[in-house]
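Residue strings, one per chain:
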Amino acid sequence: MLRGLSREVKPGRRHRGTACSTLAESIRRVRAAQAGEKRARVRGWKTTSTCQCSFRMSSTVSYWIFNSARNRIAVLQGGRRLYSRGATNRNQPKWRLSSPASSTLKTGTPRGGFALQKAYRHTSTEEEDFHLHLSPDQVNDMLRAGEASHKILDFNNGVPNSVLRFESNQLAANSPVEDRQGVASCVQTNGLMFGIFDGHGGHACAQAVSERLFYYMAVSLMSHQTLEQMEEAMENMKPLLPILQWLKHPGDSIYKDVTSVHLDHLRVYWQELLDLHMEMGLSIEEALMYSFQRLDSDISLEIQAPLEDEVTKNLSLQVAFSGATACMAHVNGVHLHVANAGDCRAILGVQEDNGGWSCLPLTRDHNAWNEAELSRLKREHPESENRTLIIDDRLLGVLIPCRAFGDVQLKWSKELQRSVLGRGFDTEALNIYQFTPPHYYTPPYLTAKPEVTYHRLRPQDKFLVLASDGLWDMLGNEDVVRLVVGHLSKVACHKPDLDQRPANLGLMQSLLLQRKASGLQAADQNAATHLIRHAIGSNEYGEMEPERLAAMLTLPEDVARMYRDDITVMVVFFNSESIDTYYKEG
C-alpha cells in the first residue's frame, strides 16, 4: 500500500523462500566487501536510509538494477523466515512483523496448504547475473501476457445494455501474485459485477473472496420465490438454479475439495434471507453491505468450527490469517453501485459538454490518511486508545488498510487466537505468522464493512476504472483518465480510415508504409495494458522511458516488490447510446 510514500516492501510479503535466501547472501557479500565486515549489520524494522529512487539509468540497465538493489535492501532474519525490506519508504508493506531470531527456514507444505511457487524471474542481485536486452516485442509480450477483453451483448433480456465492453490486465510483483479479479453476471437477477481483490500476507484470502463474494451478492438480490426454489432443490437433492455466469473467472479454484463447505454456508445465508420474508430481496446497497460482512464472518467461523478434514482445516486457516481488500462494482442499467473495503479504488472518466475530460472518484481509501476513517476508529474504541490506534500511519502500527477481509489477528481476542492455533496446526509450514501487536485491548480493530457509493450513469460517463493499489501508487486519478482517453485516441488513429475509399491490398500496404514512415508504433489494444505500461515505464514528468520499462519488467523477484506492487486493472466502457435510451424511454 503505497499512497504518497517512497518505495518499500508491501506488508504481508513475508514468505520469500529460497529466493530471499539467495538475495540475503548476495547483499551480505556486497556489504561485507564495502564495509570490510564479514557480515552485514542487521538493521531494525525501521530503516534509516532516506535515499530516493530516481530511476536515472546508469551506463547499463543491469548495473542500475544491481546498484539499486545493493543500496536499497535491508535484510532481516527472524522467526525461522528471512525478511527483505526496502530501505526506501515508498512501498509500505501492509503487514509489519517482528519475531525472535532463528536460523532455519522450513519449506515443506502440509496437505491442503499453499506451496510457495518457483519464481521465474531473477533471484540474485549479483551484477554478472543480469543480461537484460529486451526487444520492444519482448516488452510487449511480457506486458500483454495477462490481458483480457470481453464485449458485452447489446441487449439483456430485451433491454439495451449500458456496458459496452471491459478490458483487464495484471502484472505481478509477488510470486505468486496476490491480486485477484473477477467479472460475472447475475443469472436470476439483472446486473453485471466487477471486482478487484488485493491480497496481503499471501494470496489465500484474496482467492477465497474473489471466488465467493459474487455468490453472496447474487443470492442477496434474489426474490423470496427464487430463494424458495433454491432451498427446495437442495432438500430434494436436485440441481440448483444457476446463480452466476462468469465472464472473467478469478482463476483455477484451489477450493475444489472444500466447495461443499462453502455451499453449506451460502445455504445458511439464503435460509436466513428466507426468514426475513422479503418478497423482492434486498436493495443493491443492502446486498453489497451484507455480502461483504457475511462472507467475512463466514471466513472467521469456518476455522473456528471443528473440522476433521486436513485440507479444509489448512485452507481455512490460511484464508482467515491472510487478508484482502476489495472493490466491487454492480451495474444494472443506469444504476452503478460501488462497494469498497480497503484501498483498491474506482473512478469514472467523464466527458464534459465542452469536450473536456474530468475524473469522478467513486471510492475513498480506508487508511490513516482518511480523516473520516480515523474518526470512525476513535468512535469504536475507548478514548484511552486514541494515541495507539494508528502508529506510523498503520492500524496498531501493523496494517496500512483499515478495512479488509480476513486478518483475524486484528479481529479476534487473544484467547480465541490461542485456542484456534493450539489445535495442532503446523503454522510454520503454512506460513501463519503468530503475532499480537502491542496495545491490543479491544478487538475487533479491523472490519470488512464496505463503503457503498451510488451513481446514476449519464451519457457523458464513458468508462469506469477499477484497480488495486499497485496502480494508484504510481498514477493519480487524473493521470489514469488522461491515459485512457489518450489510449482511445491512439487506437482510433491506428485504425485505417477506409470509410470513404474501397479497401484493397494496395491501399492497405500504402497505409502501413505511411504509418512506418511517420514512426507510429503499434498501440496497445487493451486500455488496462496501456495503464500498466505507463505506470511502471514513465518518469516523473510522465514521459515513457524504454530503459526504465525494461528494467521494471526484469527486476529480480525479491527486488521487484521494492519498486512496485502487484498491479491489477479493469477498464469498463459504457454504451452512451444505450444509457441515453434509458433516459428517453423513462
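Residues numbered from 1 in each chain as written. Predicted model: local features only at pLDDT ≥ 70, side-chain atom pairs only at ≥ 80, totals over all residues. Heavy atoms only, no water.

1. Some remarks on the overall build of the protein
Then comes step 1: The helix and strand tally for the protein stands at 17 helices and 19 strands.
Then comes step 2: Taking all 586 residues of the protein together, the buried fraction comes to 56%.
Then comes step 3: Residue pairs in contact within the protein that sit at least 24 positions apart in sequence constitute 77% of those at least 6 positions apart.
Then comes step 4: For the protein, the computed accessible surface area is about 25,700 Å², with 50% contributed by carbon and sulfur atoms. (Helix = DSSP H or I, 4+ residues; strand = E, 2+ residues; numbered from the N terminus. Buried < 20%, exposed > 50% of the residue type's maximum accessible area, 1.4 Å probe, protein only. Contact = heavy atoms within 4.5 Å. Areas by Shrake-Rupley, 256 points an atom, 1.4 Å probe, with all protein chains shown as cover.)

2. Side note on the pattern of salt bridges
Oppositely charged side chains can form a pair if their charged atoms are brought close together.
Then comes step 1: Inspection of the entire model under this criterion finds 18 salt bridges.
Then comes step 2: Note that R165 and E167 form a salt bridge whose closest N and O atoms lie 3.0 Å from each other.
Then comes step 3: Here R165 falls in the partly exposed class, since its relative accessible area comes to 24%.
Then comes step 4: R458 serves as the salt-bridge partner of D461, at 2.7 Å between the closest nitrogen and oxygen.
Then comes step 5: The class of D461 is buried, set by a relative accessible area of 0%.
Then comes step 6: You can call R458 partly exposed: its relative accessible area is 28%.
Then comes step 7: Connected through salt bridges with shared partners, the residues E373, R376, E380 and R403 form a single ionic network. (Salt bridge = Lys/Arg side-chain N within 4 Å of Asp/Glu carboxyl O.)

3. Quick word on the pairing of strand 7 (residues 179-186)
Then comes step 1: Most of strand 7 is tucked away: eight of the eight residues are buried.
Then comes step 2: Of the two faces of strand 7, the one holding D179, Q181, V183 and S185 and the one holding R180, G182, A184 and C186 are both buried throughout.
Then comes step 3: Note: strand 7 against strand 8 (residues 192-200), seven bridges, orientation antiparallel. The partner of S185 across the bridge, within strand 8, is L192.
Then comes step 4: Counting the residues between successive antiparallel strands, the hairpin from strand 7 to strand 8 contains five residues, one of them, G191, with a positive phi of roughly 130°.
Then comes step 5: Sheet analysis places strand 7 next to strand 9 (residues 244-248), joined by four bridges and oriented antiparallel. Bridging across to strand 9, C186 finds its partner in L244. (Pairing = 2+ DSSP bridges.)

4. As for the sheet that holds strand 13 (residues 357-361)
Strand pairing in a sheet is mediated by backbone hydrogen bonds. Such pairs are either parallel or antiparallel.
Then comes step 1: Taken together, six strands build an open sheet; the order of strands is 3-6-19-18-12-13 and the sheet is antiparallel. Single-partner strands in this sheet number two, and they are strand 3 (148-151) and strand 13. This sheet shows a mean twist of 15° between the axes of neighbouring strands, independent of strand direction.
Then comes step 2: Looking at chain direction, strand 6 (residues 163-171) and strand 19 (residues 567-574) are connected through eight bridges and run antiparallel. Bridge pairing in strand 19 places F166 opposite V572. (Axes fitted to C-alpha atoms, helices over the stretch in contact; angles between N-to-C directions.)

5. A word on the confidence of the model for the protein
Then comes step 1: Scored by pLDDT, the protein comes out at a mean of 78, with 70% of its residues at no less than 70.
Then comes step 2: For the stretch residues 1-90, pLDDT sits under 50, and the model shows 274 contacts to residues farther than four places along the chain or on other chains.
Then comes step 3: Segment residues 98-112 is flagged for pLDDT under 50; beyond a separation of four residues in sequence, or across chains, it makes 43 contacts in the model. (pLDDT = per-residue confidence, 0-100.)

6. Description of the nonpolar core
Then comes step 1: Residues L317 and F405 are the most contacted members of the largest nonpolar core, which totals 55 residues.
Then comes step 2: Broken down by element, this core gets its largest block of residues, 12 residues, from helix 4 (residues 204-221).
Then comes step 3: Leave out the neighbours within four places in its chain, and F405 touches C205, V209, L213, F292, L295, D296, S322, G323, A324, A326, K411 and A448.
Then comes step 4: Counting residues in each nonpolar core, the second largest holds 35 residues, with I347, F463, V485 and Y563 among its members. (Core = buried A, V, L, I, M, F, W, Y, C linked by side-chain atoms within 4.5 Å.)

7. Remarks on the packing of aromatic side chains
Then comes step 1: Counted according to the given criterion, the structure contains 10 aromatic pairs.
Then comes step 2: An angle of 25° between the planes, with centres 5.6 Å apart, marks the rings of Y216 and Y269 as stacked. A residue pair is termed long-range when its members are at least 10 positions apart, and Y216 in helix 4 and Y269 in helix 6 (residues 259-275) qualify at 53 residues.
Then comes step 3: Exposure remark for Y269: the relative accessible area of 5% places this residue in the buried category.
Then comes step 4: Put simply, the rings of F197, F214, Y215 and W246 touch in pairs and so form one group of aromatic residues.
Then comes step 5: Above the ring of F425, the side-chain terminus of K313 is found at 5.7 Å from the ring centroid. (Phe/Tyr/Trp six-rings, centres within 6.5 Å; stacked < 30°, edge-to-face > 60°. Lys NZ or Arg CZ within 6 Å of the ring centre and 35° of its normal.)

8. What about helix 15 (residues 546-554)?
For the α-helix, the turn length of 3.6 residues means that residues three or four positions removed from each other point alike.
Then comes step 1: For helix 15, the tally of buried residues reaches seven of nine residues, placing the bulk of the element in the interior.
Then comes step 2: For helix 15, every residue scored as buried is listed here: R548, L549, A550, A551, M552, L553 and T554.

9. Quick look at unusual backbone geometry
Then comes step 1: Geometrically, the link from S175 to P176 is a cis peptide bond, its omega value of 0° lying close to zero.
Then comes step 2: With respect to the secondary-structure elements, P176 resides in the loop between strand 6 and strand 7.
Then comes step 3: The phi torsion at M237 lies on the positive side, around 55°, for a residue other than glycine.
Then comes step 4: As for its placement among the helices and strands, M237 is situated in the loop between helix 5 (224-235) and strand 9.
Then comes step 5: In this model, H277 sits at a positive phi of 55°, which is unusual for a non-glycine residue.
Then comes step 6: The residue H277 is located in the loop between helix 6 and helix 7 (284-304) in this model.

10. So, the environment of Y216
Then comes step 1: Residue class for Y216 comes out buried when judged on its relative accessible area of 1%.
Then comes step 2: C-alpha separation for the pair Y216 and L288, spaced 72 residues apart in sequence, amounts to 8.8 Å.
Then comes step 3: If we ignore the near neighbours within four places in the chain, the residues touching Y216 are H265, L266, Y269, S291, R294, L295 and D298.

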